[in-house]
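Architecture and fold: a report
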Amino acid sequence: EPRLLMVTDPRTDAQALKEASYASIPIIALCDTDSPLENVDIAIPANNKGKESIALLYWLLAREVQYLRGSLPRSQEWDVMVDSFFW
């Protein structure tokens, strides 16, 4: 059973949002100015239309998870290039 749902576009993933809300699964969404916020628990304001913008956001989130887990100290640069998230 998933503990969290992360979506890039709430409009595109409306069915997943509805089903997750029925199961009381928290939802984090990357939201543009025209994104519907029904069933979204945490909205991260972002440009969720461009490939490079989405890649940068997921790169930042992945890096922060590494920091919070303690597997990467904040004093050290993350050697994963943001280009890896484009594809």
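This write-up is about the structure you can find in this document. (Residues numbered from 1 in each chain as written. Predicted model: local features only at pLDDT ≥ 70, side-chain atom pairs only at ≥ 80, totals over all residues. Heavy atoms only, no water.)

Of the regular secondary structure elements, the protein chain holds two helices and three strands. In terms of principal-axis extent, the alpha carbons of the protein chain reach across some 40 × 30 × 20 Å. Here the protein chain holds 87 residues, and 25% of them are scored as buried. Sequence separation of 24 or more characterises 27% of the internal contacts of the protein chain that already satisfy a separation of 6 or more. (Helix = DSSP H or I, 4+ residues; strand = E, 2+ residues; numbered from the N terminus. Buried < 20%, exposed > 50% of the residue type's maximum accessible area, 1.4 Å probe, protein only. Contact = heavy atoms within 4.5 Å.)

Further remarks concern the pairing of strand 2 (residues 27–31). Taken across its five residues, strand 2 has five buried, putting it largely inside the fold. Of the two faces of strand 2, both are covered, the one formed by Ile-27, Ala-29 and Cys-31 as well as the one formed by Ile-28 and Leu-30. Here strand 1 (residues 5–7) runs beside strand 2; their pairing, made up of three bridges, is parallel. Along strand 2, the bridge assignment pairs Leu-5 with Ile-27. Remark: the strand 1/helix 1 (residues 14–22)/strand 2 crossover connection has right-handed handedness. (Pairing = 2+ DSSP bridges. Right-handed = clockwise from strand over helix to strand, strands pointing away.)

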